[in-house]
Structures are given as C-alpha cells and as structure tokens.
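# What the coordinates show
Letter by letter, the chains look like this.
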Amino acid sequence: MHVPHRRRARSRATVAALLAATSVSALAAGSAQATVNLDHGVRVNLPGMTGAGPVAIADFDGDGYRDVVVGGTDSLEVLLHQSDGSYQVNAYSGLPAIKDLVVGNFDGDAIPDVAALLSNGNVDVFAGQHGVDHQPLRPAPLAVATTGYTGGDVQRIAAGDIDGDGVDDLVASGAQRDTITTLTNGGDGTSFTASAPIADTADTWPTGIALADLNGDGKLDVVTANAGNTQRNVSVYLNAGGSTPYSAHTETATSVNGPGYEIATGDFVGDAATDVVITSFNAGFSVLEGDGTGALAAGRAATNGATNQGLAIADFDGDGTTDFATWDRSGGNPRYLYFRSLQRDGIWPTPGFLNGAQAPDPINGSGLYEDYPVAADMDNDGHPDIVMADSADHSLAIMSQDVIAPDSVIASGPSGTTSDTSVTFTYDVAAPETYPAAFECRLTGPGQSAGWEACGQSPGPVNFRQQDYTDLADGDYTFELRATDYTGNVEQAPASRAFTVDTTPDDAGSGSDDSGDGHPGGSGDAGQGDQGAHTAPATNPAPGPAPAPAPATPAPTDPRATKAPATPARLALTGLRATLPVTAGGTVTVPVAGAANGRGHLLIRTAKAFRIKNGVRSRSDRRHRIARITLAKRDFVVDASGRISLKVKLVGQYRQALRGTKQVKATITVTAGGKAVTRRVTLVLPQG
C-alpha cells in the first residue's frame, strides 16, 4: 500500500505571530545565534494501526532513503520511503502492545534488524532482509527473548554490542523491580540469554535506558533515568567485561528536582567527552557533564514545567555539538517541541529555555498526542528532521528543517527614465507560500536612507504587496525587494530594479527666439513683426543689389537630444540558441537586440520547481516542490548598435544547488516598458 503525505491546513495568522511560533532558536558554539526552522509537518496515515507509539529509523530496503518503523497496541508497521515521497506500508500484526523499539544488527549481516519490547516482557527480534518478497522484515520473529518483566515493570530497551563480539545485544529496564537486565546475543540473532536482574537501589524505578562509552575504554556502559527517587535521578553501570559486565553502579543527582523519565547521551558541551541528558515528568531538563572517566557532574538544568515525552538527539543547529529536542505532552493548545543547544563553554542560553522559542504542534495545535520524537535526516538534505507518531490520530508526523528562502519578484514599477516624482512598485513571491512570507523594501538614491523597511506580506490583500515613494528628486535610484518566509529564511539575492527620475522640462516651442533679431516671436522679415509693434518706417530702399542675408544663428544644442530613451521600443532575443553553455566560472552569454541605448531587465530561472535546502537540491523534490530557481537577474543597456551580448554570471548559491546536474531547462526573460519576451533554453552546466 502506498500512502501519500497529507498536510493539514493551518489558519492564517500575522507574520509576526507565525515567526514567533515556528522559529526555534538555539545558541550555537562560540555564542553565535543559530536557528532551527521546522516546517509545520507532513502527515502519513497508518491504516489499521491502533495507538501508534514508539518510532525507530533505518534504511530497511537499501535504497538510500530512511524508512520508519512504528509500534502500536497490536501491530508493527514499517513505512518504506519511496523516491516520489510516498510511503509503502508493511504491517506485522497479531502482536501484544509494543512498549519500545530499537534498530540494531542482531544477525551479523549488516542489514538493519528491529527489536520490539512487548507489554508481556518479551522482545521479538525481526530480521531485516532489504525488501525480499517486497517485505523489509522477515514475517516471523528471528528470536523471542524474555526479560522477566511484566506489566508495569516493562519500560525501555537499548541495543548495542555489549560483549564486543560484533553483533548487537540488548539491555532492558524494569521500573518496579528496581533492576535492569541484559539480553546477550548468541551470535546470529536466533537466541538471547537473559542475565539475572541487576539490582539498583530500592525505589529508584529505572525507566529510560541508554548505552554509551562513558569512560573511553571502548566498552558500552549503561545509564538509566530513575523515576522513583528525585535525589538519585541517574544510575551509571560501567562495563567491567566478562559474564556480568554491569555488576556495580553509581548514582548521581541532577539539578532538576523531579522524577527522571527519558535519558540519552551525546557530547552536549563540545569537549569530546560523553554527557547525559535526562528529562523529568513535570520539571524540565538536566545535562550531566561527563569527564571521560565515567563520572558525571551534577547537571545544569532548565525548567519548563512540562511533561517531557521522549528525547531526539542530533546536531540540529550545525555547530558541531549534540543538541536535543523533547516533546511537551502536558496538554493545552498548542503542544511544543523544545530544542536545546549548549555553548562550548557549557553556559545555558538565557533567559529561560531558548528564550521561549518552540516549534508548535505539527498539525495545527489541536492537542493530539504525538509521542517519542526521533531525529533523522528524512529528506537527505544534510539536516536532521523530527519524526513522531501520533497515538490519537494513528498517523506519523514528519517535520523537516526548512532552510530555503522565498524568491521575490517585482511585478511592476518604473524602469529606465521617468519624469514622475511619485512611483509605485508591486511585487510578490515567485511561488505561492503555504504560510505568509514577509517583505522588506529598500530604495537607494538621492535623499534616501537606504535602510530596509517592512512592506507587506504574501499571501494577503493586493495593498500588502505594494510600495509607494513620493517627492523623489532627480537622479538615479535602485529599488530592492527581499522576502522572509514563516520559518525565518531570508532571501539572499534580493530582486531589484533601477530607474532614473528626470523632471527637466521639454522645449518651449513657440516661445523661443528663432529670428536672430532679439525679438521674441519675430519672423525675421521687415514689416512682419508681431502685431505691427516693431514695423519699420515705410521708406523706399536705395537702389542696388539686395544685401546678403545675415547667417542664421544656430539654435543652442539640447543635451537631451542625445539622452537614452526611457525604454527600448522593442526587445528581441535575436540569435539565441536553444542550448547555451555555462562556463566553468558560471557565466552564460545572452544576445539581446533593441532600440539603441535602451534599458531593460534580464531574468534567468529554471523552467521547473525544485526543493533546495541548505544550498543543495533535495532528492525528494517531487514531494516538496518549492519554487523555480532564479539563476541570474540584472539590468542592462543596449549599446548604440542596438545589440548587446550579455555575459551573465549565475548566482553563486544556486550554482551550488544544481551541482552535479549536467543540464537544466531554463527560461530567459527580457523586460522593458512593461513588455516581456521569454524563451526556453537548455543550459549546459560545467562539470567537475
């Protein structure tokens, strides 16, 4: 079954409110401010599943796209990510409720396998088979391991190679038993041996569990989040090797005065040592810094008063240190994803938690119960995304990082020379935005401040996409326009249009002195003055030849006679070939013909829309069509011959976006005087 993405509609709000609600800030290393921008979520239905819960990510069919496995109350479903953005659902039914899921290499073939912790305390291990018989997992479990836990004891599992034999083992937490249990893999994934319960201190109630090398000896250690005692939130079991690797443990208190719930590991400080992050039911978060020996320092904390469900671990802001996100499941509308990033010096961002910036419910704030956030790069753009199952809506929410700025287009306004001192520009974005994009305008020229100012949004009323300027002095001006989308991505190559204001009056005509006799309006003939006011005496001239007429005084030269016309009378892409080569330096030559000295504007864009994130074309562009790419734009003046060969350099960031592409269909448009000529061409891009 193929299940397409389904995006829920969201009510329109002001641009400011949208930016505040959706731009998730994080403080990156070196105190540089970074931003995690998530889109509002794509929904994938889970037909036939009840109570969708834990999620794990892996490429189960080997096609290069990350797939999703989801556990429910009676089934396991694997969603294979297709190249067109849809998901093929493969269901494995007849299981007890699934409490937790992990991915590992349990049979030694390097194909991802799945271990499902069931509510009866068993662990079903499903072997991956890379789509044999169109199934990502073998239908029957490879092994059924027994933890010895039942009912409320069953909490979480973690996978890793505990004994160093090259295949993954399992470790499980049993809350009410105050113990953990290891399940040692027999070597091929068909059998697991359960250890005797490993006791923690009474009333610790271990819930969350994770494996990591805390002391740098190459062996995996165990950490647990403890829900039963607020003074011993974290327990550490260092791997001593042998048949009972976790016989001893230590306990550490966090700075969050609340029961521990979820736990994860990573280098959150940036010192190359493994740290631990823990969430609390109704308190907040705490990071315990590792020193490389297995000891953990009492943690720094941030309080949000939320019920924090799950931890997603990744470098979300790209600063080189590990960040985390957790889901607020405390109720209310909307719910929030909270992101956290520490500076390299270990100082928490202040004030509060990320200055109150959160990512909202990926539907529309309806309060549905998204659980267990997981971080993975689902669209292969190099940025971690968030995947969550919705236990109430029986669906999967996928929220991708959005790093593509909108492309603005100036629809109308002066170009060339105008005598008007009041001008109006209209504009929009090149491709419709799902949520409003905010515009900023800037005018440079005589008497202008040259600063950016807010000038509307799209979509919205027409007057939200219009900017007026009045009382302009004579001179040259440039109008620039840039857009910022709802996630905070700012257009890096603003649209622009140049124009000149010239209010010099035209010739006076009949009021000029063309006679050469100093008399305004005179014809230069005797006796033919204006209304007889300057009639010569009526005397007979002396006989003889008529005197030679005085040479006429030439009229003064009007400098405007050589000024370029405001716009060419006609433009043409004369001699334009169907295929144009782009040089290694990123330059393409475009021949243009028009009126001599005429002004115009050139725009080169891709003929189709692409999904471009972080300057790179996404493999999932057919699922996420965003906009056509503006490759180049510039004003030009046709020379005195009426022709010009424009050498145009492609915009750098979009040359990066099309890297590896041999050729691309594009449109070339030249515009002047409100008229445009467009031709489709094929650009042959440089390789290497």
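Residues numbered from 1 in each chain as written. Predicted model: local features only at pLDDT ≥ 70, side-chain atom pairs only at ≥ 80, totals over all residues. Heavy atoms only, no water.

## Overview of the overall build of the protein chain
Counting its secondary structure elements, the protein chain contains two helices and 50 strands. Burial status across the protein chain gives 49% buried among its 688 residues. Put simply, 56% of the contacts in the protein chain that link residues at least 6 apart link residues at least 24 apart. Accessible surface, the protein chain: about 29,100 Å² in total, of which carbon and sulfur atoms supply 50%. (Helix = DSSP H or I, 4+ residues; strand = E, 2+ residues; numbered from the N terminus. Buried < 20%, exposed > 50% of the residue type's maximum accessible area, 1.4 Å probe, protein only. Contact = heavy atoms within 4.5 Å. Areas by Shrake-Rupley, 256 points an atom, 1.4 Å probe, with all protein chains shown as cover.)

## Some remarks on unusual backbone geometry
Even without glycine at this site, A110 takes up a positive phi of about 70 degrees. Within the secondary structure, A110 is located in the loop between β9 (98-104) and β10 (113-118).

## Observations concerning the sheet that holds strand β12 (residues 143-146)
Each strand in a sheet pairs with its neighbour through backbone hydrogen bonds, running either in the same direction (parallel) or in the opposite one (antiparallel). Read across the open sheet, the four strands follow the order β9-β10-β11-β12; overall the sheet is antiparallel. Looking at strand neighbours, the two that pair on one side only are β9 and β12, the edges of this open sheet. Mean inter-strand twist for the sheet, computed between neighbouring axes without regard to direction, equals 20 degrees. In terms of strand pairing, strand β11 (residues 122-126) meets β12 through four bridges, oriented antiparallel. Paired with V125 across the strands is A143, a residue of β12. (Pairing = 2+ DSSP bridges. Axes fitted to C-alpha atoms, helices over the stretch in contact; angles between N-to-C directions.)

## Let's talk about the packing of aromatic side chains
Scanning all chains against the criterion turns up nine aromatic pairs. Seen in terms of ring centroids, F425 and F479 are 4.0 Å apart; in terms of plane orientation they differ by 5 degrees. Their pairing is stacked. In this pair, F425 is assigned in strand β35 (residues 423-429) and F479 in strand β39 (residues 475-484), connecting sequence segments 54 residues apart. Grouping residues by exposure puts F425 and F479 together as buried. Taken together through their ring pairs, the aromatic side chains of F425, Y427, F439, Y469, Y477, F479 and F499 make up a single cluster. Sitting over the face of the ring of W452, R482 holds its NZ or CZ atom 4.1 Å from the ring centroid. (Phe/Tyr/Trp six-rings, centres within 6.5 Å; stacked < 30°, edge-to-face > 60°. Lys NZ or Arg CZ within 6 Å of the ring centre and 35° of its normal.)

## What about the layout of surface pockets?
Looking at the largest pocket, its volume works out to about 840 Å³. Lining of the largest pocket is provided by 30 residues; of these, L101, V102, I157, I209 and L311 occupy positions nearest its centre. Elements represented by at least two residues in the lining of the largest pocket include exactly β5 (55-58), β9, β13 (154-160), β18 (206-212), β22 (260-266), β26 (308-314) and β30 (370-376). Broken down by element, the residue count for the lining of the largest pocket peaks at five residues, all from β13. (1 Å grid on protein atoms, 1.4 Å probe; cavity = no way out; pocket = protein on both sides within 12 Å on 5 of 7 lines; lining within 4 Å. Points joined across faces, edges and corners; volume = space filled by probe spheres on them.)

## Notes on the side chain of D113
Turning to its location among the elements, D113 is positioned in strand β10. Buried charge without a salt bridge: D113, with R138 as the nearest opposite-charge side chain at an N-O distance of 7.1 Å. Of the polar contacts made by the side chain of D113, one reaches the backbone nitrogen of F106; its length is 2.8 Å. Polar contacts involving the side chain of D113 include one to the main-chain amide nitrogen of D107, which spans 3.4 Å. When neighbours within four sequence positions are excluded, D113 is seen to be in contact with V102, V103, G104, N105, F106, D107, F126, A127 and G128. (Lys, Arg positive; Asp, Glu negative; His and termini not counted. Salt bridge = Lys/Arg side-chain N within 4 Å of Asp/Glu carboxyl O. Polar contact = N/O pair within 3.5 Å; in protein donor to acceptor, adjacent residues only side chain to side chain.)

## Structural notes on the confidence of the model for the protein chain
Taken as a whole, the protein chain shows an average pLDDT of 74; of its residues, 68% reach a score of 70 or greater. When pLDDT is averaged over each helix and strand of the protein chain, the minimum, 24, is found for helix α1 (residues 15-22) and the maximum, 96, for β10. Low confidence marks residues 343-369, where pLDDT is under 50. Its contacts with residues over four positions away, or in another chain, come to 92 contacts. Note on residues 619-625: pLDDT is under 50 here. Beyond four places in sequence and across chains, it has 23 contacts. (pLDDT = per-residue confidence, 0-100.)

## Considerations on the pairing of β10
For β10, a buried count of six out of six residues is recorded, marking the element as mostly surrounded by other parts of the structure. A two-sided burial pattern is seen for β10, the buried positions comprising D113, A115 and L117 on one face and V114, A116 and L118 on the other. Here β9 pairs with β10 via six bridges, running antiparallel. Paired with L101 across the strands is A116, a residue of β10. Pairing geometry for β10 and β11, over four bridges, is antiparallel. Within β11, the position partnered with V114 by the bridge is F126. Taking the residues that link successive antiparallel strands as the turn, the β10-β11 hairpin has three residues, and the phi of G121 there is positive, at about 95 degrees.

## A short note on the pattern of salt bridges
Per the stated rule, a full pass over the model turns up six salt bridges. Between D217 and K219 there is a salt bridge, with its nearest N and O atoms 3.2 Å apart. The exposure class of D217 is partly exposed, given its relative accessible area of 34%. Close ionic contact of R442 with E480 constitutes a salt bridge, the shortest N to O distance being 3.0 Å. One end of the pair, R442, is in strand β36 (residues 437-444); the other, E480, is in strand β39, with 38 residues separating them in the sequence. Given the relative accessible area of 17%, E480 is considered buried.

## Comments concerning the sheet that holds β35
Reading across from one edge, β33-β35-β38 is the order of the three strands in this open sheet, with antiparallel pairing throughout. What marks the edges here is a single partner per strand, and that holds for β33 (408-412) and β38 (466-469). Strand after strand, the sheet turns through a mean of 30 degrees between neighbouring axes, direction not considered. Bridge count for β33 against β35 is four bridges, and the pairing is antiparallel. In the sheet register, S408 faces β35, and the bridge partner there is V429.

## Some words on the nonpolar core
The tendency in soluble globular proteins is for nonpolar side chains to be buried side by side. Core analysis: the largest hydrophobic core is formed by 25 residues, its most contacted members being L573, V588, V590, L602, I604, I668 and L683. Elements supplying a minimum of two residues to this core: β43 (587-594), β44 (599-610), β47 (627-637), β48 (643-649), β49 (663-672) and β50 (675-684). The residues touching L602, leaving out its near neighbours within four places in the chain, are V590, A632, K633, R634, F636, L646, V648, I668, T669 and V670. A437, F439, Y477 and F479 belong to the second largest nonpolar core, which has 19 residues in total. (Core = buried A, V, L, I, M, F, W, Y, C linked by side-chain atoms within 4.5 Å.)

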